[in-house]
Amino acid sequence: MELNQAPIAEAGMLIRRPVAEVFEAIVDPAITTKFWFTHSSGRLDGGKPVQWEWRMYGASTKVEVSEIVPNEKIAMLWSEPPTTAVWTFTAMPGDATFLEVRNFGFAGSGDEQVGQAIDSTGGFSLVLAGAKAWLEQGLTLGLIGDRHPKGLS
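Fair warning: this is a prediction, and the values are worked out from it, not measured in the lab.

A. Broad picture of the pattern of salt bridges. The final tally for this structure, using the stated rule, is seven salt bridges. Put simply, Arg43 and Glu24 hold a salt bridge, and the shortest N to O gap is 2.6 Å. Of this pair, Arg43 sits in the loop between strand 2 (39-40) and strand 3 (50-54) while Glu24 sits in helix 1 (residues 19-27), placing them 19 residues apart in sequence. With a relative accessible area of 37%, Arg43 lands in the partly exposed category. With relative accessibility at 27%, the residue Glu24 sits in the partly exposed group.

Here it is in structure tokens:
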């Protein structure tokens, strides 16, 4: 498959919490582990890599923040091979935040890149839904762990 344009995974969600609280939920692993990964070696911060783990899957990835603008933007390299993920935080009326993630820079053939972008879009959609449930209602939905239950091939 020949691509005319590199695929970009995009997901967005309105979260009815102030932008500073939503931003902190992404940079502070004590909060992020409520809805995404299970363990982290530290907070997201420019210039120092961290390791994220999904122990239920025996998976991990190195994350390197290339740009961080408090309450506005986080750009990072992550996954293997590395792709770029850019998180954008937009303050909305009523102390709400629109959180958007764009993931790009996929490797491989055209078919492989498209497949990775589709998988990434689905994964980030679950992350944002889980963040919304946690931040708005204090609910841990287990969306990431339930995406690939044991016993299914």
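B. Representation of the layout of surface pockets within the structure. Space inside the largest pocket adds up to approximately 750 Å³. Every residue lining the largest pocket is counted, 24 residues in all, and those nearest its centre are Trp78, Asp119, Ser120, Gly123 and His148. Going through the elements one at a time, strand 4 (59-69), helix 3 (110-137) and helix 4 (143-147) are the ones with two or more residues in the lining of the largest pocket. Split into classes, the residues belonging to the lining of the largest pocket amount to 11 nonpolar, 10 polar and three charged.

C. Looking closely at the pairing of strand 5 (residues 73-78). As paired strands, strand 4 and strand 5 are joined by five bridges and run antiparallel to one another. Looking across to strand 5, one finds that Val65 is bridged to Met76. The hairpin turn running from strand 4 into strand 5, its antiparallel successor, is three residues long, and Asn71 in that turn takes a positive phi close to 65°. Bridging between strand 5 and strand 6 (residues 83-92) involves six bridges; their strand directions are antiparallel.

D. How the structure looks around the sheet that holds strand 7 (residues 96-104). If you walk across this open sheet you meet the seven strands as 1-7-6-5-4-3-2, and the pairing is antiparallel. A single partner strand is all that each edge strand has here, and the edge strands are strand 1 (9-15) and strand 2. The pairing of strand 3 with strand 4 spans five bridges and is classified as antiparallel. Paired with Trp52 across the bridge in strand 4 is Thr61. Along the sheet, helix 1 contacts strand 1, strand 4, strand 5, strand 6 and strand 7; its crossing angle with strand 6, the most-contacted strand, is approximately 160°. Strands strand 1, strand 5, strand 6 and strand 7 of the sheet are contacted by helix 3, whose axis makes an angle of about 10° with strand 1.

The rules behind each value
Residues numbered from 1 in each chain as written. Predicted model: local features only at pLDDT ≥ 70, side-chain atom pairs only at ≥ 80, totals over all residues. Heavy atoms only, no water. Salt bridge = Lys/Arg side-chain N within 4 Å of Asp/Glu carboxyl O. Helix = DSSP H or I, 4+ residues; strand = E, 2+ residues; numbered from the N terminus. Buried < 20%, exposed > 50% of the residue type's maximum accessible area, 1.4 Å probe, protein only. 1 Å grid on protein atoms, 1.4 Å probe; cavity = no way out; pocket = protein on both sides within 12 Å on 5 of 7 lines; lining within 4 Å. Points joined across faces, edges and corners; volume = space filled by probe spheres on them. Nonpolar A, V, L, I, M, F, W, Y, C, P; charged D, E, K, R; others polar. Pairing = 2+ DSSP bridges. Contact = heavy atoms within 4.5 Å. Axes fitted to C-alpha atoms, helices over the stretch in contact; angles between N-to-C directions.

Nothing here speaks to function; it is geometry throughout.
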